[in-house]
Amino acid sequence: MRNLFELHDQIQDDLKFMVKSKIRLKIMFSLLEGPKSMKEINETQNLSFATISNNMKRLVEENLVKKVENTFEITSFCKLKLDSIIDFQQSTTFSNRFEDLLLDHDISGIPDFLIQDMGVFFDSELVQSIPVDIYKTHNTFINLLSESKEIFGVSPISHPDYTVLFQDLIKTDVKSCLILTDDIIKRTVTTADLKTLTGSITNKNLELRRYSADLKIAFTVADNFVSLGFFSDDGTYDQNRDLVSKNKDAIDWTKRLFDYYYQMSEKVGITNLAKILVS
Amino acid sequence: MFIDNSHYLENQPEDIKFLAVSNVRTKILLSLYDGPKKLAYLRDKTGIASSTIIHGLGQLENKKWIVRRGDNSYITSKGKIILLNLIKIMQKLETIKKQQIFWKNHNLNGIPLKLQKNIHMLSESYLVEVKLDNLEEPFTKYLELLSNAKNICAVLPVCFSRHTDAIQRILVNGGFVKLILDKDILKQFIEQFNSSDVLKFVKVGSLEIWVVPDNLEVACVVSENFASLGLFFENGVYDTSCLLMGHNISALDWGNSLFQHYKNLGEKMDKTAIKQMESRIKI
């Protein structure tokens with residue numbers, strides 16, 4: 001990574017200009033909705049004509065706003081800059097909303113280039129088990145999964161229900177790919193019957209893959225939802241909390257995360273399965 | 001994705017402002033990118049007095065972006081999201097600043113929001129501009145790269161005969177060409193290209209064409225070693241004086257994503273379309 005201080009020196013004035021003045025931001029965001037006259041800005045933003053005029057002059061000088069007849073428009077250039085601020089804001093909305101989860105959970109299973117885009121989870125839901133419904137997290141997951149048409153999962157954890165689910169998957173037309181650690185492959189294999197095992201390896205709709213390193217995250221992405229599970233900072237998996245989203249951008253983000261692990265995993269066939277079992 | 005701007009009107013971007021107005025807080029946070037740091041390290045690296053750093057650390061701790069254990073300061077998971085997004089916004093603003101001639105005066109409507117958000121992927125790209133002693137420089141340089149390409153994917157909103165010739169050369173040399181065109185450009189392309197050759201290459205599969213319903217507002221060519229981007233002026237005229245050119249993986253990925261975006265919007269010229277095209281050419 002290049003020198004971050006140098007990078008900061010390059011852009012600090014630009015960044016400051018964009019975010020320092022509440023008035024300028026108000027004007028820019030107001031114009032993001034469409035061109036407006038001074039009068040319209042005055043009426044909708046509760047800003048005096050003198051204030052608008054002074055700030056507008058600066059915005060025009062910086063090529064962020066242009067005057068077209070009697071109205072003001074933001075330039076594409078300004079949209080580009082505002083968009084980077086909105087993007088940052090989305091990430092802070094996410095990190096503030098899920099502060100409790102983030103503060104004592106490990107996100108090292110997510111590569112930096114995807115942590116940068118975690119703002120897409122800003123409107124997701126934290127499904128938590130509660131004393132009156134201790135299986136809420138698990139049941140929500142199973143229910144969502146039952147409606148999925150394609151399922152991609154990465155998991156270092158196991159549950160007896162997953163073996164049943166695994167057996168059911170093979171019988172259906174649902175396209176799926178599971179990336180599991182050696183331990184979970186062993187467990188699944190020893191709890192599934194021989195027919196299921198042979199079926200899983202030869203089935204065209206299901207691809208079973210092996211991730212041989214340590215997995216620090218568990219997640220499932222389907223066509224209709226995404227569910228992320230994290231390890232606590234003490235190293236234990238937190239089965240009582242899942243971050244669940246149905247937002248298309250969150251689903252796309254998790255598919256990118258899945259691709260990341262897919263590249264680092266290998267397909268399970270008869271030969272390496274035998275190796276995994278004796279390891 | 002569409003973001004509800006009213007939400008941001010009500011909520012000023014306080015967190016980015018909190019960083020933008022303080023070099024101390026920003027530099028401390030950036031210093032923690034590659035691991036926990038001691039106070040002495042932060043003081044030496046930033047050149048800021050210890051007391052000022054301690055104050056800044058306290059402010060970052062209040063935000064729960066860092067934790068202090070003993071003399072070491074660690075970034076939290078929450079802080080890591082903020083830090084990586086700070087780096088992203090810095091890279092974006094730097095890209096926009098370095099290439100401001102390009103981004104300032106053009107219509108950007110042809111670039112989907114998702115890719116505008118990833119503009120930092122073009123940070124290593126450079127501008128190829130008209131020189132007074134060689135008005136054709138951008139085009140010549142681009143044609144040179146195009147002629148040397150083995151395979152290309154291209155979104156073409158304009159059609160020049162020398163450009164079509166270069167594409168034809170790639171195909172004759174056994175390369176693969178994937179094109180996104182709008183209806184008007186398709187007609188021009190067929191007129192400029194030897195029409196029977198278009199059919200020949202489409203039939204053997206080395207030339208694939210997708211036609212999009214609306215007029216294209218961006219030009220992009222991606223080969224195995226370059227990605228070029230051309231834009232229109234706000235008045236609707238294509239700018240032949242300036243091109244953005246990149247050679248690194250992230251620029252190529254960005255260009256391929258743009259191609260993919262238009263491919264998803266387009267309709268592939270199948271056998272029926274080719275037959276219709278054949279009859280139109282005969283007429």
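Residues numbered from 1 in each chain as written. Chains lettered and ligands numbered in written order. Predicted model: local features only at pLDDT ≥ 70, side-chain atom pairs only at ≥ 80, totals over all residues.

J.: Explain the overall build of chain A here, please?
T.: A count of helical and extended segments in chain A gives 13 helices and 12 strands. Rg of the C-alpha trace for chain A: 25 Å, well past the compact-globule value of 19 Å for 279 residues, more than 25% over. The principal-axis extents of the C-alpha atoms in chain A amount to approximately 80 × 45 × 35 Å. Buried positions account for 37% of the 279 residues belonging to chain A. Counting only contacts in chain A whose residues sit at least 6 apart along the sequence, the fraction spanning at least 24 positions is 72%. (Helix = DSSP H or I, 4+ residues; strand = E, 2+ residues; numbered from the N terminus. Rg over C-alpha atoms; globule rule 2.2 N^0.38 Å. Buried ≥ 20, exposed ≤ 12 C-beta atoms within 10 Å, placed from the backbone. Contact = placed C-beta atoms within 7 Å.)

J.: I keep staring at the domain arrangement of chain A and nothing clicks. Help me out?
T.: It is common to report an interface's size as the accessible area lost on association of the parts. As far as domains go, chain A holds domain 1 (4-84) and domain 2 (106-278). Spacing between the C-alpha centres of domain 1 of chain A and domain 2 of chain A amounts to 45 Å. (Domains from an automatic or database assignment.)

J.: Hey, could you run me through the sheet that holds strand β2 (residues 65-68) of chain A in this one?
T.: In any sheet, the strands associate via hydrogen bonds between backbone groups, in a parallel or an antiparallel arrangement. Residue and element names in this part refer to chain A. Across the sheet, 3 strands lie side by side as β1-β3-β2; this open sheet has antiparallel pairing. Two strands lie at the open edges of the sheet, namely β1 (36-37) and β2, each paired on one side alone. For β1 and strand β3 (residues 71-74), the ladder comprises 2 bridges, and the chain directions are antiparallel. Bridged to Lys 36 within β3 is Phe 72. (Pairing = 2+ DSSP bridges.)

J.: Looking at this structure, how should I read the interface of chain A and chain B?
T.: At the interface, 43 residues of chain A touch 42 residues of chain B. Among the elements of the structure, α1 (4-19), α2 (22-32), α5 (76-97), α6 (99-103) and α7 (112-115) of chain A are those that each provide at least two residues to the side of chain A that touches chain B. The biggest single contributor to the side of chain A that touches chain B is α5 of chain A, with 15 residues. When its residues are assigned to classes, the side of chain A that touches chain B shows 20 nonpolar, 12 polar and 11 charged. (Nonpolar A, V, L, I, M, F, W, Y, C, P; charged D, E, K, R; others polar.)

J.: Just checking my understanding: could you explain the confidence of the model for chain B for this structure?
T.: As a note on interpretation, predicted positions should not be read in detail where pLDDT is low. Per-residue confidence for chain B gives a mean pLDDT of 89; residues scoring 70 or more make up 92%. Both scores are available for the predicted complex, with the pTM at 0.89 and the ipTM at 0.90. (pLDDT = per-residue confidence, 0-100.)

J.: For this particular structure, what's the right way to read the packing of helix α3 (residues 23-31) of chain B against helix α4 (residues 39-46) of chain B?
T.: Describing two packed helices takes the angle between their axes plus the distance from one axis to the other. All names here are of chain B. Across the interface, α3 lies against α4 with an axial gap of 10 Å and an inter-helix angle of 115°. In this structure, the crossing between α3 and α4 has a hand that is right-handed. Two secondary-structure elements touch here, α3 through Lys 27, Ile 28 and Ser 31 and α4 through Leu 42, Lys 45 and Thr 46. Partitioned by chemical class, the residues of the contact of α3 with α4 number 2 nonpolar, 2 polar and 2 charged. (Axes fitted to C-alpha atoms, helices over the stretch in contact; angles between N-to-C directions. Left-handed = near helix turned anticlockwise from the far one by under 90°.)

J.: What is the right way to read the domain arrangement of chain B from this model?
T.: With domains assigned, chain B is organised as domain 1 (5-88) and domain 2 (99-282). Inter-centroid distance (C-alpha atoms) of domain 1 of chain B to domain 2 of chain B is 43 Å.

J.: I keep staring at the sheet that holds strand β1 (residues 37-38) of chain B and nothing clicks. Help me out?
T.: Residues and elements named next belong to chain B. In space, the 3 strands of this open sheet follow the order β1-β3-β2, with antiparallel pairing throughout. At either margin of the open sheet sits one strand with a lone partner, and together these are β1 and β2 (66-69). Note: β2 against strand β3 (residues 72-75), 4 bridges, orientation antiparallel. In the sheet register, Val 67 faces β3, and the bridge partner there is Tyr 74. On the sheet, helix α5 (residues 50-62) packs against β2 and β3 and is oriented at approximately 120° with respect to β2.

J.: Just checking my understanding: could you explain the pairing of β3 of chain B for this structure?
T.: Successive residues of a regular strand alternate their side chains across the two faces of the sheet. Residue and element names in this part refer to chain B. Residue alternation in β3 divides its side chains into a buried set, Ser 73 and Ile 75, and an unburied set, Asn 72 and Tyr 74. Sheet topology note: the β1/β3 ladder contains 2 bridges and is antiparallel. Paired with Lys 37 across the bridge in β3 is Ser 73.

J.: What am I meant to see in α5 of chain A here?
T.: Two residues of an α-helix separated by three or four positions point the same way, owing to the 3.6 residues in each turn. With 22 residues, α5 of chain A extends 31 Å between its outermost C-alpha atoms, agreeing within 8% with the 32 Å of an ideal straight helix rising 1.5 Å per residue. With 16 of its 22 residues buried, α5 of chain A lies for the most part within the structure. (Expected span 1.5 Å × (residues − 1).)

J.: Would you take a moment to explain the environment of Gln 10 of chain A for this structure?
T.: In this structure, Gln 10 of chain A sits in helix α1. In this structure the C-alpha to C-alpha distance between Gln 10 of chain A and Ala 250 of chain A, which are 240 residues apart in sequence, comes to 32 Å. Leave out the neighbours within four places in its chain, and Gln 10 of chain A touches Glu 94 and Lys 97 of chain B.

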